[in-house]
Amino acid sequence: MPELTLSLDTATRQALDDLADASGRRTDEVVLAAVHRYLREEQAVVRAHAERLARSHAALLRRLGE
């Protein structure tokens, strides 16, 4: 898996380490779970916007497809 270097302030790093320790996971597992959750949420937002735009411009999109 390609690596990613992430610079964090001391408080954020400590909070991640504390959460990892409290949940019995490694810090990188906590970060990866957070990134996955963020991606799912953002993808849903983008999908909703795309669907809204497609509905509002459906007639134009149909004409362009002809």
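Data block above holds the structure.
Residues numbered from 1 in each chain as written. Predicted model: local features only at pLDDT ≥ 70, side-chain atom pairs only at ≥ 80, totals over all residues. Heavy atoms only, no water.

## Comments concerning the packing of helix α1 (residues 10-23) against helix α2 (residues 27-56)
Contact geometry for α1 and α2: axes closest at 8 Å, N-to-C directions at 100°. When the axes of α1 and α2 are compared, the pair comes out roughly perpendicular. On the side of α1, the interface is formed by Arg13, Leu16, Asp17, Leu19, Ala20 and Ser23, while α2 contributes Thr27, Val30 and Val31. When grouped by side-chain class, the residues that make up the contact of α1 with α2 number five nonpolar, two polar and two charged. (Axes fitted to C-alpha atoms, helices over the stretch in contact; angles between N-to-C directions. Helix = DSSP H or I, 4+ residues; strand = E, 2+ residues; numbered from the N terminus. Parallel < 35°, antiparallel > 145°, perpendicular 65-115°, else oblique. Contact = heavy atoms within 4.5 Å. Nonpolar A, V, L, I, M, F, W, Y, C, P; charged D, E, K, R; others polar.)

## Let's talk about a nonpolar patch on the surface
Together, Val35, Tyr38 and Leu39 make up a nonpolar patch on the protein surface, roughly 280 Å² of accessible area in all. Note that Val35 resides in helix α2. Classification of Val35 as partly exposed rests on a relative accessible area of 39%. (Patch = residues over 30% accessible without salt bridge, like charges linked within 9 Å, V, L, I, M, F, W, Y side chains within 5 Å. Areas by Shrake-Rupley, 256 points an atom, 1.4 Å probe, with all protein chains shown as cover. Salt bridge = Lys/Arg side-chain N within 4 Å of Asp/Glu carboxyl O. Buried < 20%, exposed > 50% of the residue type's maximum accessible area, 1.4 Å probe, protein only.)

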